[in-house]
Amino acid sequence: MKRTYTAARLYTALSEEVIAPGAVTIDAEQIVYAGALADAPADVELVDLGDVTLLPGLIDSHVHLTLSASEHVLEDYSNDSDQIKLIRGVEACRRALLAGVTTVRECGGQNELIFALRAAAAGGIIPAPRIIAAGGAITTTGGHCWFFGLEADSEADLRRMVRAQVKAGADFIKVMASGGALTPRTNPAAAQYTPAQIQAICDEAKRLGLDVAAHCHATESVICAAQAGVRTIEHCSFLTPEGIVYDQEAARAVHASGAYVCPTLAIAKRAAASLAEDHPLQQMRRRMGGTRMANLRRLHALGVPFISGSDAGVTLNPFEDFAYNLTELVDQVGLTPHQALQTATRLASEALRRPDIGTLANGRSADLIAVHGNPLEQINSLFEVRAVIARGVRYQ
Ligand SMILES: [Zn+2]
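Worth saying up front: this structure is predicted, and the values here are computed from it rather than measured. (Residues numbered from 1 in each chain as written. Predicted model: local features only at pLDDT ≥ 70, side-chain atom pairs only at ≥ 80, totals over all residues.)

**Considerations on the domain arrangement of the protein**
Part 1 of the reasoning: By the assigned domains, the protein splits into domain 1 (2-57 + 358-394) and domain 2 (58-351).
Part 2 of the reasoning: On the side of domain 2, 23 residues touch domain 1, which itself brings 20 residues to the contact.
Part 3 of the reasoning: Looking at which element gives the most residues to the side of domain 1 that touches domain 2, the answer is strand β18 (residues 385-390), with three residues.
Part 4 of the reasoning: Of the residues in the side of domain 1 that touches domain 2, the class split is twelve nonpolar, four polar and four charged. (Domains from an automatic or database assignment. Contact = placed C-beta atoms within 7 Å. Helix = DSSP H or I, 4+ residues; strand = E, 2+ residues; numbered from the N terminus. Nonpolar A, V, L, I, M, F, W, Y, C, P; charged D, E, K, R; others polar.)

The following block contains the structure:
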């Protein structure tokens, strides 16, 4: 059955334009019209959402649904049974959805749990965003996130692991190309794999039609991931043993590769307010701080496309906080609200090769949200979600 949602303003994400008043007509799970209210199809039930802005459902390109987002993520992960992890995932999905996120890209968790959540979301069993899932992340023995990772070291083993993930049903391949702050006894400032090893992963994934997302704090890992042809570079922190330093060679490599950068730049937003000053995350936040934002400004000026991902699930990074990633892009990196919105809509759909999501137009999936005010003027209005429609079903 068709239904038209009307609102004072409409942002389709196809351009910077705000259409006022706007309308989106959906037929079951599909959009059949998005544009000016005056031109909306006749004889369709109207639902007036009022003085709000309609926009595409947001895409959070980096989450970990089975992590607790508490202060003690690793303890939780080792104490939780698989059943509890799964229940955490269900609750994470609900929170993300009600915050306006209608698609998440799951960047690492146990295969059987993540693929079950994906199926439950797709089947409408739980209120959830669409889940695009890597399942387990490929990492070195004892490497970053080994506890839900798939440990592989040699080129032959890495190729085999990619094949195993394709067989298991992964939508893309996630690799931990450097160490990470979450995992003790790894080194975020050093690459975990050689260029030839990352190349083996990318070649095997490409042969089987999947993209690779690479977790990269270390500058050397950024360079080898870009040169190997990964689709997205997660974090892209430019971390060296001497701290965070902008690296022109790495920046050029990223730009030349056409990779999208997912800076996960609001990771420490909530932690900043609630953790002791000597907590490792506070130390990381101080280290990352200003230099990190300045680096992102330079990458953006170079023309590197950004997508927004929260890394929700890691320490004090809850699923409902996704919008901080967009407000930080505006407040700290200097993007316009339109440019920031693109990182969670049109650019994310491009990066994920999902033209059916991320914009509002005839034929797209009926994923749309309404927020109070006008996010093109006040990006903070993304925190005031008034309606969420995911694959045609209204949840709020
Ligand atoms: Zn992550």
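**Some words on the sheet that holds strand β7 (residues 58-63)**
Part 1 of the reasoning: The strand order across the open sheet built from three strands is β7-β8-β9, with neighbouring strands paired in parallel fashion. The outermost strands of the open sheet, each flanked by one partner alone, are β7 and β9 (130-133). In this sheet, neighbouring strand axes are inclined to one another by 20° on average, regardless of whether the strands run parallel or antiparallel.
Part 2 of the reasoning: Looking at chain direction, β7 and strand β8 (residues 101-106) are connected through four bridges and run parallel. When the sheet's bridge partners are listed, Asp-60 is paired in β8 with Val-104. (Pairing = 2+ DSSP bridges. Axes fitted to C-alpha atoms, helices over the stretch in contact; angles between N-to-C directions.)

**Some thoughts on helix α6 (residues 219-228)**
Part 1 of the reasoning: Counting buried positions over the ten residues of α6 gives eight, a clear majority of the element.
Part 2 of the reasoning: Buried within α6 we find Thr-219, Ser-221, Val-222, Ile-223, Cys-224, Ala-225, Ala-226 and Ala-228.
Part 3 of the reasoning: Tucked into the core, α6 has its buried residues touching α5 (195-207), β13 (212-218), β14 (232-240) and α7 (248-257). (Buried ≥ 20, exposed ≤ 12 C-beta atoms within 10 Å, placed from the backbone.)

**Some points on α7**
Part 1 of the reasoning: Of the positions making up α7, those classed as buried are Ala-250, Ala-251 and Val-254. All buried residues of α7 lie within an arc of 100° about the axis, which places them on one face of the element. Residues of α7 that are exposed and angled more than 90 degrees away from the buried face: Gln-248, Glu-249 and Ala-256.
Part 2 of the reasoning: Remark: Gly-258 follows α7 within two positions and exhibits a positive phi of approximately 80°. (Arc of directions from axis to C-beta.)

**What to know about the environment of Pro-241**
Part 1 of the reasoning: If you trace the backbone, Pro-241 turns up in the loop between β14 and β15 (243-244).
Part 2 of the reasoning: C-beta crowding within 10 Å serves as the criterion here: with 10 such atoms nearby, Pro-241 is assigned to the exposed category.
Part 3 of the reasoning: Taking the C-alpha atoms as reference points, Pro-241 and Ala-189, separated by 52 residues in sequence, lie 5.5 Å from one another.

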